[in-house]
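# Reading the structure
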Amino acid sequence: MKIAIGSDHGGYNLKEAIKKHLEEKGIEYKDFGTNSTESVDYPEFGEKVAQVVKSGEFDRGIVCCGTGIGISISANKVPGIRCAVVSDTFSAEMSRLHNDANILALGERVVGKGLALKIVDVWLEAEFEGGRHERRVNKIKEIEAKYSK
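Our subject in this report is the structure included herewith. Counting restarts for each chain, with residues numbered from 1 along the sequence as it is written. Given that this is a predicted model, residues contribute local features only at a pLDDT of at least 70 and side-chain atom pairs are listed and counted only at 80 or more, while totals for whole chains, interfaces and linings are drawn from all residues. Only heavy atoms go into the side-chain values, all of them from the structure, while hydrogens and water stay out.

Our next topic: the packing of helix H2 (residues 42-55) against helix H3 (residues 69-76). Think of each axis as a best-fit line through the C-alpha atoms, taken over the contacting stretch in the case of a helix, with angles from 0 to 180 degrees between the N-to-C directions. The way it works is that DSSP assigns letters per residue, a run of H or I at least four long becomes a helix, a run of E at least two long becomes a strand, and they are numbered from the N terminus. The N-to-C vectors of H2 and H3 enclose an angle of 45 degrees; their axes lie 8 Å apart at closest approach. Taken together, the axis directions place H2 and H3 in an arrangement best described as oblique. Handedness of the crossing formed by H2 with H3: right-handed. Along the contact surface, H2 presents Tyr42, Pro43, Phe45, Gly46 and Ala50, while H3 presents Gly70, Ile71, Ser74 and Ala75. Angular relationships are summarised with four words: roughly parallel below 35 degrees, roughly antiparallel beyond 145, roughly perpendicular across 65 to 115, and oblique for the angles in between. Helix crossings are classified by the rotation of the near helix relative to the far one: an anticlockwise turn of less than a right angle makes the crossing left-handed, while a clockwise turn makes it right-handed. Here, residues are in contact when the closest pair of their heavy atoms is within 4.5 Å.

This part is about the pattern of salt bridges. Just to be clear on terms, a salt bridge is a Lys or Arg side-chain nitrogen sitting within 4 Å of an Asp or Glu carboxyl oxygen. Enumeration according to the criterion identifies ten salt bridges in this entry. Residues aspartate 31 and lysine 15 are paired through a salt bridge, measuring 2.9 Å at the closest nitrogen-oxygen approach. Taken together, the residues aspartate 31 in strand E2 (residues 28-31) and lysine 15 in helix H1 (residues 12-25) connect sequence positions 16 residues apart. Among the salt bridges present, the one from aspartate 121 reaches lysine 25, with a minimum N-O distance of 3.7 Å. Of this pair, aspartate 121 sits in helix H5 (residues 113-125) while lysine 25 sits in helix H1, placing them 96 residues apart in sequence. Only protein chains enter the accessibility calculation, which uses a 1.4 Å probe; a residue whose area is less than 20% of its type maximum is buried, one above 50% is exposed, and one in between is partly exposed. Relative accessible area serves as the criterion here: at 18%, aspartate 121 is assigned to the buried category.

See below:
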């Protein structure tokens, strides 16, 4: 599995902790920035990660900002992306099992490092169940297609 990861300044420290965690688990990743806590604009980094996940170059993505909200909204503007803002392990699992989320968004100011790493583990281990959920994800794709014209 290849993971694209990115953050703005508000999620930089959490992104760095996640990178270390992925390295310890032997999971391949690429960091798409930012590279410090100096103020930057989150849409740039949400879009970068979303583009490479959409292209298939990376299997999934993880994005971080202060709350996870702004960067997730940005990532979700890229067609084909289903980015879920998560702050608990149950939602992380359900975002994969039922919604086939391909990007996880976390807020550094919302979840602590320990919980965030547990969320990442649960999210990476969970696989889309398909079945009745596939019909629903396909309906999401239809809505997206309708407004992408």
